[in-house]
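# Report on the structure
In case you want the letters, here they are:
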Amino acid sequence: QVQLVESGGGLVQAGGSLRLSCAASGRTFSSYAMGWFRQAPGKEREFVGAISWSPTYYADSVKGRFTISRDNAKNTVYLHMNSLKPEDTAVYYCAAARNFRGRLTEYDYWGQGTQVTVSS
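A few points on the structure. (Residues numbered from 1 in each chain as written. Predicted model: local features only at pLDDT ≥ 70, side-chain atom pairs only at ≥ 80, totals over all residues. Heavy atoms only, no water.)

Moving on to the pattern of salt bridges. A complete count under the given rule lists five salt bridges for this structure. In this structure, R38 and D88 form a salt bridge, with 2.9 Å as the shortest nitrogen-oxygen distance. Pair noted here: R38 is in strand β4 (residues 33-39) and D88 is in the loop between β8 (76-81) and β9 (90-97), with a separation of 50 residues, a long-range link. Across the pair, exposure class does not vary: R38 and D88 are buried alike. One continuous salt-bridge network, built from bridges that share partners, spans R38, E46, R65 and D88. (Salt bridge = Lys/Arg side-chain N within 4 Å of Asp/Glu carboxyl O. Helix = DSSP H or I, 4+ residues; strand = E, 2+ residues; numbered from the N terminus. Buried < 20%, exposed > 50% of the residue type's maximum accessible area, 1.4 Å probe, protein only.)

L4, M34, W36, L79, M81 and Y92 are the most contacted members of the largest nonpolar core, which totals 29 residues. Among all residues touching M34, those that are not within four sequence positions of it are L4, C22, F29, G49, A50, I51, R70, V77, A95, A96 and Y107. Core analysis: the second largest hydrophobic core is formed by six residues, A33, A50, A95 and Y107 among them. (Core = buried A, V, L, I, M, F, W, Y, C linked by side-chain atoms within 4.5 Å. Contact = heavy atoms within 4.5 Å.)

The subject of this paragraph is the sheet that holds strand β7 (residues 66-71). With antiparallel pairing, four strands are arranged side by side in an open sheet as β1-β3-β8-β7. Strands with a single pairing partner mark the edges of an open sheet, and in this sheet they are β1 (4-7) and β7. For this sheet, the mean angle separating the axes of adjacent strands, direction not counted, is 15°. As defined by bridge partners, β7 adjoins β8 across six bridges and the pair is classed as antiparallel. Bridging across to β8, I68 finds its partner in L79. (Pairing = 2+ DSSP bridges. Axes fitted to C-alpha atoms, helices over the stretch in contact; angles between N-to-C directions.)

Spelled out as structure tokens, the structure:
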């Protein structure tokens, strides 16, 4: 029942910053854990990070550089990306989970993705 729409992708130089947004529909937004994933050309989709309420979880590749936050009043989750590297280039997806189980979470709803390209 949840609809997710990502935005904020684009082209940025290495070392730069970008903020992705994921707008969610539904009055039960605050009850869902939200995750971010990415998929680079020729690569498998990989986990980036997730937030259940306040606690956040990150892949080792982005720890210290990316930050996930959410604004329940706006039904929006954000991915703040700093110190971007060319290897961060990918299509980024947000996802929602009704039952959060940490790294084993099964996500129930997915957005369509937004392209992030980091140039060197």
